[in-house]
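# Structural overview
The chain contents come next:
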Amino acid sequence: MVSRVIPVRSFDLVIFGATGDLAKRKIFPSLFRRFLAGQVPQDSQIIGAARSNLSRKTFSDLVKNSIKNVNELNIKENDLKKFLKCLNYIQIDATGSDGWNELKKVLRPSKIQAFYFSVSPSIFGSLAQSLHNYEITHENIRIVVEKPFGRNLETSKQLNIILSEHFKEEQIYRIDHYLGKETVQNLMAIRFGNMLFEPLWNAQYVDHIQITVSETVGVGDRSEYYDHSGAMRDMVQNHLMQLLCLIAMEPPARFEPDSVRDEKLKVIRALDPVAPHHIVRGQYGSGSDHADYRADVDNKNSKTESFVALKVNISNYRWAGVPFYIRTGKRLKARTSEIAVVFKEKPHSIFGPEARNHQNALIIRLQPDEGITMDVTIKEPGPGGMRLIDVPLDMTFSETLGLDVDAVPDAYERLIMDVIRGNQTLFMRGDEVEAAWRWTDPIINGWIERNDVPKPYDSGSSGPYDSLNLLEREGRKWREIM
Ligand code: BG6
């Protein structure tokens, strides 16, 4: 498979928070890979902006090291050298006056200009205000903001208000990196590029849907942030909600930003409140090489969840009565993200009662080993009568398409290029984020009111027993995490 690289127009990209973790882990390595692929024109300018007093050389070394740390590629010094020529650095005080005039001077009005707010949301307002005060903003610039976009409905509304004072919605790119993943986009291709699935994609044929995003890592060095967030805010309100929307939404009229986002919003608005007995929260225990959650976050009374499983209902014509089971957690058995659409049992078994219990399932695997599997029922080969077995029709993309997985752009690569191209389809709109919080808030507030304590679970397991029971008591079963 040959991928097609369409270069973007050359640009000035300012990264506020350029010495921070996200910039080092994701933004610079992603830009470098797109540069290597020939998508970033050599006369583009990447301007790091941060509080530290760094020389251009020191900044360039920082970027070089961050690229070397992340890319497993054999990096050619010459390529790196060419890329580093695109860099510039300006010491800037987000809340004061230092650096803004210098920044204005280096920006080139003829180029696309984008400003990446890779900083705490608490300074979004100051940055927006300074961009305005120093007359850097104009209607063609774009700003990029990261999650967490607020920690509840109230704070997300405030952020939207702050940003909307200086930018139009068409200028604001709210990143949810799950939307940039290859297979997440494939969800739309599978649903709306094939005639096969759409007629079956409804309550008449679908028994239930499972969405699992499991991780093997713990909270790492983000313990303070995580202990104030938990899995519900960190993963469900954004990543899992987006997956649910793409699975459940009506076909948009066009693959265009507002058509897609309108349909996603309708799904979020149709979500029922979740009853307490349809929620399971968990907290991981210790393992052979790591401490338990409470020690990791250094809070022995923490009631924050590192795992959550929910049964969610969508009250609309297409999905009424079809449960969506979603779960996510840290320190689980394996790193895997997948969506399983489990179809109903056939209405009648012509092969007798023992041939029942064969349900077709379409599995969309997001990571690792991206691909699609369809479980179909066939006759077991050989003599012995009509015995049925389920086999997977397997389309792992790396094998079927001869795809070099390393060459597929990572989510951030794709999303940053979309910012430059001015395509908002894979970014969240303000009303979408607010609607997601409107649904999430009562769940979190319910825990606080009930003084809910998460159930402990073994590290390396599939989560608390109660989460298995969430399905088993309804005669269903989670797919193995593997
Ligand atoms: C982030 C969360 O948004 O997504 C992290 O804050 C989580 O806690 C990460 O580990 C998972 O992303 P991915 O791409 O590794 O599945």
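A quick note: this is a predicted structure, and the numbers were derived from the prediction, not measured.

### What about the pattern of salt bridges?
In total, this model carries 37 salt bridges according to the counting rule given. In this structure, the salt-bridge partner of Glu139 is Lys168, at a minimum N-O distance of 3.9 Å. Taken together, the positions of Glu139 in the loop between helix 5 (124-133) and strand 5 (142-145) and Lys168 in the loop between helix 6 (153-164) and strand 6 (172-174) put the pair 29 residues apart, joining distant regions of the chain. Accessibility expressed as a relative area gives 42% for Lys168, which makes it partly exposed.

### Looking at the site of the ligand
Contacts to the ligand come from Lys147, His177, Tyr178, Lys181, Glu215, Arg222, Asp234, Met235, His239, Lys330, Arg335 and Gln367. The separation between an oxygen atom of the ligand and a polar side-chain atom of His177 is 2.8 Å. At 3.2 Å from an oxygen atom of the ligand is found a side-chain nitrogen or oxygen belonging to Arg335. When the free accessible area of the ligand is taken as 400 Å², the share hidden by the protein chains comes to 81%. If you tally residues by element for the shell around the ligand, the top one is helix 9 (residues 230-248), at 3 residues. Residues of the shell around the ligand, tallied by class, amount to 2 nonpolar, 3 polar and 7 charged.

### With respect to helix 1 (residues 21-36)
Along its 16 residues, helix 1 runs 22 Å from first to last C-alpha, staying within 8% of the 22 Å computed at 1.5 Å per residue. The largest bend in helix 1 comes to about 30°, at Ile27, with the proline Pro29 one to four residues further on. Where helix 1 is buried, its residues meet strand 1 (11-16), strand 2 (45-50), helix 2 (56-70), helix 3 (77-84), strand 4 (112-117) and helix 13 (411-421). The first or second residue beyond helix 1 is Gly38, which carries a positive phi of 90°.

### Some thoughts on the side chain of Arg476
Residue placement: Arg476 occurs in the segment after helix 15 (465-472). In this structure, Arg476 is in contact with Asp207, His208, Pro323, Tyr325 and Leu471, ignoring residues within four places of it in sequence.

### Quick look at the packing of helix 1 against helix 13
In the contact formed by helix 1 and helix 13, the axes pass within 8 Å of each other and the chain directions differ by 70°. In terms of orientation, helix 1 and helix 13 fall into the roughly perpendicular class. Residues Leu22, Lys26, Ile27, Ser30, Leu31, Arg33 and Arg34 of helix 1 form the contact with helix 13, whose own contacting residues are Tyr412, Glu413, Ile416 and Met417. Tallied by class, residues from the contact of helix 1 with helix 13 come to 6 nonpolar, 1 polar and 4 charged.

### What to know about the sheet that holds strand 6
Strand order in the open sheet made by the 6 strands is 3-2-1-4-5-6, with parallel pairing throughout. Strands with a single pairing partner mark the edges of an open sheet, and in this sheet they are strand 3 (87-91) and strand 6. The sheet shows a mean angle of 20° between the axes of neighbouring strands, taken without regard to direction.

### A short note on the pairing of strand 11 (residues 336-343)
Of all 8 residues making up strand 11, 8 are buried, and the element is well covered by its neighbours. The alternating pattern of strand 11 places Thr336, Glu338, Ala340 and Val342 on one face and Ser337, Ile339, Val341 and Phe343 on the opposite face, and all of these are buried. Here strand 7 (residues 206-214) pairs with strand 11 via 8 bridges, running antiparallel. Pairing of Val206 across the sheet is with Phe343, part of strand 11. Bridge count for strand 11 against strand 12 (residues 361-367) is 6 bridges, and the pairing is antiparallel. Across the sheet, Val342 pairs through a bridge with Ala361, a residue of strand 12.

### Overview of the packing of aromatic side chains
What the rule picks out here adds up to 16 aromatic pairs. Taking 6.3 Å as the distance between ring centres and 20° as the angle between the ring planes, the aromatic pair formed by Phe16 and Phe115 counts as stacked. With Phe16 in strand 1 and Phe115 in strand 4, this pair connects stretches of sequence that are 99 residues apart. We note that Phe16, like Phe115, is buried. Ring centres 5.4 Å apart and planes at 65° place the aromatic pair Phe35 and Phe83 in the edge-to-face group.

### Quick word on the packing of helix 2 against helix 3
Where helix 2 contacts helix 3, the axes come no closer than 11 Å and their chain directions differ by 135°. It follows that helix 2 is oblique to helix 3 by the angle criterion. Handedness of the helix 2/helix 3 crossing: right-handed. Within the contact between the two elements, helix 2 uses Ser60, Val63, Lys64, Ile67 and Lys68 and helix 3 uses Glu77, Leu80, Phe83 and Leu84. Among the residues making up the contact of helix 2 with helix 3, the classes are represented as 5 nonpolar, 1 polar and 3 charged.

### Here we look at the pairing of strand 2
Counting buried positions along strand 2 yields 6 of 6 residues, so the element is predominantly enclosed. Burial along strand 2 is two-sided: Gln45, Ile47 and Ala49 and Ile46, Gly48 and Ala50, pointing in opposite directions, are all buried. Traced from strand 1 through helix 1 to strand 2, the parallel crossover comes out right-handed.

### Some details on the nonpolar core
Core analysis: the biggest nonpolar cluster contains 140 residues, and Phe16, Leu103 and Phe115 have the highest contact counts within it. Sort the elements by how many residues they give to this core and helix 9 lands first, with 12 residues. Ignoring any residue separated from it by four or fewer positions in sequence, one finds Phe115 in contact with Val14, Phe16, Leu103, Leu107, Leu131, Ile136, Ile141, Arg142, Ile143 and Val144.

About the thresholds
- Residues numbered from 1 in each chain as written.
- Predicted model: local features only at pLDDT ≥ 70, side-chain atom pairs only at ≥ 80, totals over all residues.
- Heavy atoms only, no water.
- Salt bridge = Lys/Arg side-chain N within 4 Å of Asp/Glu carboxyl O.
- Helix = DSSP H or I, 4+ residues; strand = E, 2+ residues; numbered from the N terminus.
- Buried < 20%, exposed > 50% of the residue type's maximum accessible area, 1.4 Å probe, protein only.
- Near = heavy atom within 4 Å.
- Polar contact = N/O pair within 3.5 Å; in protein donor to acceptor, adjacent residues only side chain to side chain.
- Areas by Shrake-Rupley, 256 points an atom, 1.4 Å probe, with all protein chains shown as cover.
- Nonpolar A, V, L, I, M, F, W, Y, C, P; charged D, E, K, R; others polar.
- Expected span 1.5 Å × (residues − 1).
- Bend = angle between axes of the 7 residues up to and from the residue.
- Contact = heavy atoms within 4.5 Å.
- Axes fitted to C-alpha atoms, helices over the stretch in contact; angles between N-to-C directions.
- Parallel < 35°, antiparallel > 145°, perpendicular 65-115°, else oblique.
- Pairing = 2+ DSSP bridges.
- Phe/Tyr/Trp six-rings, centres within 6.5 Å; stacked < 30°, edge-to-face > 60°.
- Left-handed = near helix turned anticlockwise from the far one by under 90°.
- Right-handed = clockwise from strand over helix to strand, strands pointing away.
- Core = buried A, V, L, I, M, F, W, Y, C linked by side-chain atoms within 4.5 Å.

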